[in-house]
Amino acid sequence: MVRHIIPNNLNEALNFLNEGPFHIMAGGTDLMIQKRSTAGTPPKFAKDVLYIANLAELNYIKKDEAHRCIRIGAAAKLEDIYNHVDTPALLKDIIREIGSPGIRHSATLGGNIANASPAGDSLVALYLFDAEIVLLSVDGERIVPIKKFITGVRRIDLRSNELIKEIVIPIIPITAYKWYKVGGRRADSISKVSFAGVYLSNFGLVADIRFAFGSVSATVARSIELENSLKNRPIEQIIGDLPRILEEADKMISPIDDQRSNKIYRRKVAGNIMERFIKNIA
Amino acid sequence: MNSIKFNLNGQDVAVELNPSLRLLDVLRDHFHLTGTKEGCGEGECGACSVLINGRVVNSCCFPLANANGKKILTIEGLAATKRYQILKDAFHIEGGSQCGICTPGMIMAAESLLSMNPHPTDEEIRIGLSGNLCRCTGYNMIIKAVKTAAKLGEGLW
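First, a word on what this report is: a plain description of the structure on this page. Here, residues in each chain are numbered from 1, in the same order as that chain's written sequence. Going through the entries in the order they are written, you letter the chains from A and number the ligands from 1. The predicted nature of this model means local features are confined to residues of pLDDT at least 70 and side-chain atom pairs, given and counted, to a pLDDT of 80 or more, with totals for whole chains, interfaces and linings taken over all residues. Only hydrogens and water are set aside; all other atoms, that is, all heavy atoms of the structure, feed into the side-chain values.

1. A closer look at the overall build of chain A
Inclusion rule: Where helices and strands are cited, they refer to DSSP runs of H or I of at least four residues and of E of at least two residues respectively, numbered from the N terminus. Within these notes, the globule rule equals 2.2 Å times the number of residues to the 0.38 power, and the radius of gyration is based on C-alpha atoms. The buried label applies to any residue whose accessible area, calculated with a 1.4 Å probe on protein chains only, is under 20% of its type's maximum; exposed applies above 50%, and partly exposed to all values in between. Contacts between residues were defined by any pair of non-hydrogen atoms, one from each residue, lying within 4.5 Å.
Counting its regular elements, chain A contains 12 helices and 15 strands. Its C-alpha atoms give chain A a radius of gyration of 20 Å, within 12% of the compact-globule value 19 Å for 282 residues. Referenced to the eigenvectors of the C-alpha coordinate spread, the extents of chain A come out at roughly 65 × 45 × 30 Å. For chain A, the proportion of its 282 residues judged to be buried stands at 54%. Of the contacts formed within chain A by residues at least 6 apart in sequence, a portion of 61% connects residues at least 24 apart.

Below, the structure is given as C-alpha cells:
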C-alpha cells in the first residue's frame with residue numbers, strides 16, 4: 001500500500017522527500033494518465049506519492065530585475081504563466097497551444113519539465129533562453145541548466161530527496177521570435193514537430209540568433225555551433241547561406257516513426273520551417 | 001487516511017478516500033453526481049469538465065488530493081443558478097445539444113469562459129471550448145449558443 005502525502009508546507013514536503021523515494025505530483029495532467037487504472041479505481045503507483053500542487057511557497061511568477069530574469073515557481077499553473085505580464089511572448093505563444101483551458105488550469109511548467117517528454121512544447125523555449133532549474137532538498141539548493149537537467153527521454157537529473165523549486169528564465173533582448181507547432185489538432189495535440197526561433201538584429205546585422213526543434217530528437221535539439229556561425233553577419237549574407245544552414249539544421253535532428261507521424265515527414269517539415277524562419281529575418 | 005476537505009456545489013464536505021482517486025470518480029461514485037461524464041479518460045475530450053475555483057478543469061486527470069481547500073462546482077451545482085438557465089435556453093434555441101454526452105462539459109467550459117470574458121469573440125469561444133469534443137460535430141451550433149448566452153445573459157457574467 002503506497003502512502004499519499006499532502007504536505008502543509010514546503011519544509012514538510014522536503015522532510016518527507018528526504019525519506020523518499022516519492023512520485024511528485026503537481027497538476028496531475030500527465031502523471032494521473034500515465035498511472036491510470038480502470039474507472040472508479042485509484043491509479044497504480046509503485047512508489048509513495050507527494051502532492052505539491054497546493055503548496056503556496058511554490059506558486060509564484062516574479063520578475064527579478066537585479067538578475068534580469070523571470071522566476072516561475074514549480075507549482076505555478078500554465079494559465080497563470082500565460083496571463084502574467086512578465087512572461088516572455090514566445091513562452092506565451094507556446095503555452096497557448098499546450099493542452100486546452102481545462103488542462104492549463106491545473107498543469108504546471110515544473111510538471112512539463114519533470115515529464116521530460118521529447119514532445120514537451122515548453123522545453124523548446126526553455127532551451128532557447130538557457131533556463132535554469134532550481135532544485136531543492138533538505139541539503140539546500142542545486143541549480144542545473146535545462147539542457148543538463150533533462151538527460152534523455154523521460155529522464156531527468158533529479159535526486160530522490162529533491163523537488164523542482166523554480167524555473168529561472170533569463171530575459172534576453174530580441175527583435176522577433178517565431179513558434180511553430182505541427183500537430184493533428186489545434187488543442188490537446190502532442191507535437192509532431194515544433195520549432196522556436198529568436199533573433200536580435202541591429203542595423204541589418206544579426207547580433208544574436210537562437211533556434212531549437214522539439215519532437216524530432218530524444219531531447220530538444222539546439223546547435224550553438226550553427227547559431228554562432230550566423231552571429232554578427234548581415235541579414236542578406238545569412239539568407240544567402242541558406243543551403244548550408246539547412247544542411248546543418250538537418251544534422252541537428254534525428255526524428256523517429258511513431259503513432260503521430262513519421263521521420264520522413266518530420267525531417268521535411270523541420271527543414272521547411274527552418275527555411276521560413278531564416279528567410280523572414282528582418 | 002487523510003481527510004480531504006473542499007466545498008462542493010456550495011456545501012463544505014470532507015471525505016476520507018484514497019487521495020489519488022480521480023476527482024471524476026469521487027464525484028460520480030461517492031457523491032453520485034453523474035452529470036460529470038467520462039469520455040476519453042485522458043484529458044482530451046472535456047466531458048468530465050468541472051469548475052475548480054471558477055476555472056474549468058478536466059476532472060479525469062485531477063487527483064482528489066489537489067481538491068483540498070478548493071471550491072468545486074459541477075453541472076448539478078451550476079443548474080441551480082440563473083446563468084445555467086440562460087446557457088440552457090441558449091443551447092436550446094441554437095440546437096447546441098444533440099446526443100447530449102458532451103453538453104455538461106460544454107456548459108461548464110462556457111461558464112468558465114464567460115465568467116472571465118463576458119463578451120467573447122467567436123475565436124475566443126472556440127479557444128474557450130477547445131478542450132471539449134462533440135462527437136455529433138455540432139460545433140457551430142454550440143459556438144452560436146455561447147454567443148447567444150452572452151447576449152441573453154448580459155450583465156450576469
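2. Description of the interface of chain A and chain B
As a reminder of what qualifies: Two parts placed together each lose some accessible area; with a 1.4 Å probe, that loss summed over both constitutes the buried area. We define a salt bridge as a contact between a side-chain nitrogen of Lys or Arg and a carboxyl oxygen of Asp or Glu at a distance within 4 Å. A 3.5 Å cut-off defines polar contacts: any pair of N or O atoms within that distance qualifies, except that in protein one atom must be a possible hydrogen donor and the other a possible acceptor, and neighbouring residues in sequence count only when both atoms are side-chain atoms. Charged means Asp, Glu, Lys or Arg here, nonpolar means Ala, Val, Leu, Ile, Met, Phe, Trp, Tyr, Cys or Pro, and polar covers whatever is left, Gly included.
Counting residues at the interface gives 33 residues for chain A and 35 residues for chain B. Looking only at chain A, the three residues that lose the most surface to chain B are Ile6(A), Arg36(A) and His105(A), adding up to 20% of its buried area. The interface formed by chain A and chain B contains 3 salt bridges. For the salt bridge of Asp80(A) with Arg55(B), the shortest nitrogen-to-oxygen distance reads 3.0 Å. Across the chain A-chain B interface, the total number found is 17 residue pairs in polar contact (both at pLDDT 80 or more). Those elements that place two or more of their residues in the side of chain A that touches chain B are helix H2 (31–34), helix H3 (78–83) and helix H5 (101–104) of chain A. Considering each element in turn, the side of chain A that touches chain B owes the most residues, 4 residues, to H5(A). Here the residues of the side of chain A that touches chain B sort into 14 nonpolar, 11 polar and 8 charged.

3. Examining helix H7 (residues 121–128) of chain A
Residue and element names in this part refer to chain A. The buried fraction of H7 amounts to 8 of the 8 residues, a majority that puts the element mostly inside the structure. Listed in full, the buried residues belonging to H7 are Asp121, Ser122, Leu123, Val124, Ala125, Leu126, Tyr127 and Leu128. Positive phi shows up at Asp130, right after H7, with a value of about 55 degrees.

4. Brief notes about the pairing of strand E4 (residues 61–64) of chain A
Residues and elements named next belong to chain A. Using the following cut-off: Here the rule is simple: two strands pair whenever DSSP picks up at least two bridges between them.
Strand direction decides the pairing type here: E4 and strand E5 (residues 69–73), joined by 4 bridges, are antiparallel. Looking at the pairing, Asp64 lines up with Cys69 of E5. Connecting the antiparallel pair E4 and E5 is a turn made up of 4 residues, with Arg68 showing a positive phi of about 50 degrees.

5. Describing the sheet that holds strand E3 (residues 48–51) of chain A
Residue and element names in this part refer to chain A. The parallel open sheet is built from 3 strands, whose spatial order is E1-E3-E2. Strands with a single pairing partner mark the edges of an open sheet, and in this sheet they are strand E1 (4–5) and strand E2 (22–25). The sheet contact formed by E1 and E3 spans 2 bridges and is parallel. By the bridge assignment for E3, Ile5 is matched with Leu50.

6. Some words on the layout of surface pockets
We count it as follows: Cavities and pockets are defined on a 1 Å grid built over the protein atoms alone: a cavity is a set of grid points where a 1.4 Å probe fits but cannot escape, while a pocket is an open set with protein on both sides within 12 Å along at least five of seven lines, and lining residues are those with an atom within 4 Å of any such point. Grid points are joined across faces, edges and corners, and a volume is the space filled by probe spheres set on the points. In this document the domain limits rely on a domain assignment from an automatic tool or a database.
Of the volumes computed, that of the second largest pocket is approximately 510 Å³. The wall of the second largest pocket is formed by 22 residues, among which Arg186(A), Ala187(A), Arg126(B), Ile127(B) and Ser130(B) lie closest to the centre. Elements with a minimum of two residues in the lining of the second largest pocket: strand E11 (176–182) of chain A together with helix H5 (122–128) and helix H6 (139–152) of chain B. Class assignment for the residues of the lining of the second largest pocket results in 9 nonpolar, 5 polar and 8 charged. Inspection of the lining of the second largest pocket shows a minimum of three residues originating in each of domain 1 (4–170) and domain 2 (176–279) of chain A.

7. Describing the sheet that holds strand E6 (residues 132–137) of chain A
Residues and elements named next belong to chain A. The criterion, for reference: Throughout, an axis means a line fitted to C-alpha atoms (over the contacting stretch in the case of helices), and angles, computed between N-to-C directions, take values from 0 to 180 degrees.
Spatially, E4-E5-E10-E6-E7 is the arrangement adopted by the 5 strands of the open sheet, whose pairing is antiparallel. What marks the edges here is a single partner per strand, and that holds for E4 and strand E7 (140–145). Each strand of the sheet is rotated relative to its neighbour by a mean of 25 degrees, with strand direction disregarded.

8. Quick notes on the packing of aromatic side chains
Think of a pair of aromatic rings as described by two things: how far the centres are apart, and how the planes are tilted against each other in angle. Residues and elements named next belong to chain A. As a reminder of what qualifies: Centres within 6.5 Å make a pair out of two Phe, Tyr or Trp rings, where for Trp the six-membered ring is used; the pair is then stacked when the planes are under 30 degrees apart, edge-to-face when over 60, and tilted otherwise. When the NZ atom of lysine or the CZ atom of arginine is within 6 Å of a ring's centre and also within 35 degrees of its normal, the charge is said to sit over that ring.
Scanning all chains against the criterion turns up 6 aromatic pairs over all chains. Their ring planes at 50 degrees and their centres at 6.3 Å tell us that Tyr180 and Phe195 sit as a pair that is tilted. Separated by 15 residues along the polypeptide, Tyr180 in strand E11 and Phe195 in strand E12 (residues 193–202) bring together distant segments of the chain. As far as burial versus exposure is concerned, Tyr180 and Phe195 are alike and both buried. Here the aromatic cluster, defined as three or more aromatic residues joined through ring pairs, consists of Tyr180, Phe195, Tyr199, Phe211, Phe213 and Phe277. Taking the ring centre of Tyr60 as reference, the NZ or CZ of Lys62 above it sits at 4.7 Å. The ring of Tyr180 carries the charged tip of Lys178 above its face, separated from the ring centre by 5.4 Å.

9. Brief notes about the pairing of strand E1 (residues 4–8) of chain B
Residue and element names in this part refer to chain B. With 4 of 5 residues buried, E1 is to be regarded as a mostly interior element. The pairing of E1 with strand E2 (residues 11–15) spans 5 bridges and is antiparallel. Bridged to Phe6 within E2 is Val13. Linking E1 to E2, which pair antiparallel, is a turn of 2 residues; within it Asn9 sits at a positive phi near 50 degrees. As paired strands, E1 and strand E5 (residues 71–73) are joined by 2 bridges and run parallel to one another. When the sheet's bridge partners are listed, Asn7 is paired in E5 with Lys71.

10. Some thoughts on the state of the cysteines
Rules: Disulfide assignment relies on a single distance test, namely cysteine sulfur atoms paired within 2.5 Å.
Counted under the stated rule, the structure contains 0 disulfides over all chains. Looking at the unpaired Cys60(B), the closest cysteine sulfur is the one in Cys48(B), lying at 3.8 Å.

11. Regarding unusual backbone geometry
Residue and element names in this part refer to chain A. Put simply, Gly20 and Pro21 share a cis peptide bond, and its omega is 0 degrees. Assignment of secondary structure puts Pro21 in the loop between helix H1 (10–17) and E2. Of note, the phi angle at Asp130 is positive, near 55 degrees, even though the residue is not glycine. Structurally, the position occupied by Asp130 is in the loop between H7 and E6. You will see that Ser215, though not glycine, has its phi angle at about 70 degrees, which is positive. Position of Ser215 relative to the elements: it lies in the loop between strand E13 (205–214) and strand E14 (221–222).

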